[in-house]
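The chain contents come next:
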Amino acid sequence: MRKLGSADLGDLLELPLVAVLATYRMDGDVLLSPVWHQWREGGFDVVVGPNDVKLRHLRRDPRASVVVYEHQPPYRGLEARGEAQLAPEGAAEAIASMADRYLGPEDGPTYAATVTDAVLVRLEPSQVRGWDFADDWA
């Protein structure tokens, strides 16, 4: 199935899958970066450091895409595109939530405490493309 939205993909966006964030270099080339993410209220949260190249890219050109997908059948996935919003507010809460999800309740808080001066990248997509190949594996 193609042309699906986030609600059509079950628990995909709740799984601790590493996403890919696309940002644009000054020359127009795309930088693809693995990132932790969380899906919240119809958009993606990603946290970056204050000197991260992705942050420099987004300050100059806010266009971004995030792709999350399974690495095994049925290969569900979602691509979200739009203009990212940047805010220092909410970064600490977001990284705490993501660290707990990706590292677990023992290691998550320890890691989150090391992240300082982070910036929240919020992508509320203007375009969403989802897919699920469950029918192909039936």
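Please refer to the structure placed before this passage.
As a starting point, this report considers the structure included with it. Everything quoted here is computed from the prediction, not taken from an experiment.

**Quick notes on the packing of aromatic side chains**
The final tally for this structure, using the stated rule, is 3 aromatic pairs. Taking the centre distance of 4.8 Å and the plane angle of 5° together, the rings of Trp36 and Tyr102 count as stacked. With Trp36 in the loop between β3 (30–35) and β4 (38–40) and Tyr102 in helix α2 (residues 91–112), this residue pair connects regions lying 66 residues apart in the sequence. Classification of Trp36 by relative accessible area gives partly exposed; the value is 23%. By way of ring pairs, the aromatic residues Trp36, Tyr102 and Tyr111 are connected into one cluster.

**Topic: the pairing of strand β8 (residues 119–123)**
Of all 5 residues in β8, 5 are buried, a share of seventy percent or more. Burial of the side chains of β8 extends over both faces: Val119, Val121 and Leu123 are buried on one face and Leu120 and Arg122 on the other. Both strand β5 (residues 43–48) and β8 contribute to a ladder of 5 bridges, which runs antiparallel. Directly across from Asp45, in β8, lies its bridge partner Arg122.

About the cut-offs
- Here the residue numbers are simple positions, counted from 1 along each chain's written sequence.
- Local features in this predicted model are restricted to residues whose pLDDT is 70 or higher, and side-chain atom pairs enter the listing and the counts only when it is 80 or higher, whereas totals over whole chains, interfaces and linings include all residues.
- Based on all heavy atoms of the structure, the side-chain values leave hydrogens and waters out of the count.
- We call Phe, Tyr and Trp rings a pair once their centres come within 6.5 Å, taking the six-membered ring for Trp, and we label the pair stacked below 30 degrees between planes, edge-to-face above 60, and tilted otherwise.
- For the purposes of this entry, the term helix denotes a DSSP run of H or I that reaches at least four residues, the term strand denotes a run of E that reaches at least two, and both are numbered from the N terminus.
- Think of it in three bands: with a 1.4 Å probe and only protein chains considered, a residue is buried below 20% of the maximum accessible area for its type, exposed above 50%, and partly exposed in between.
- Two strands pair under a simple rule: DSSP has to find at least two bridges between them.

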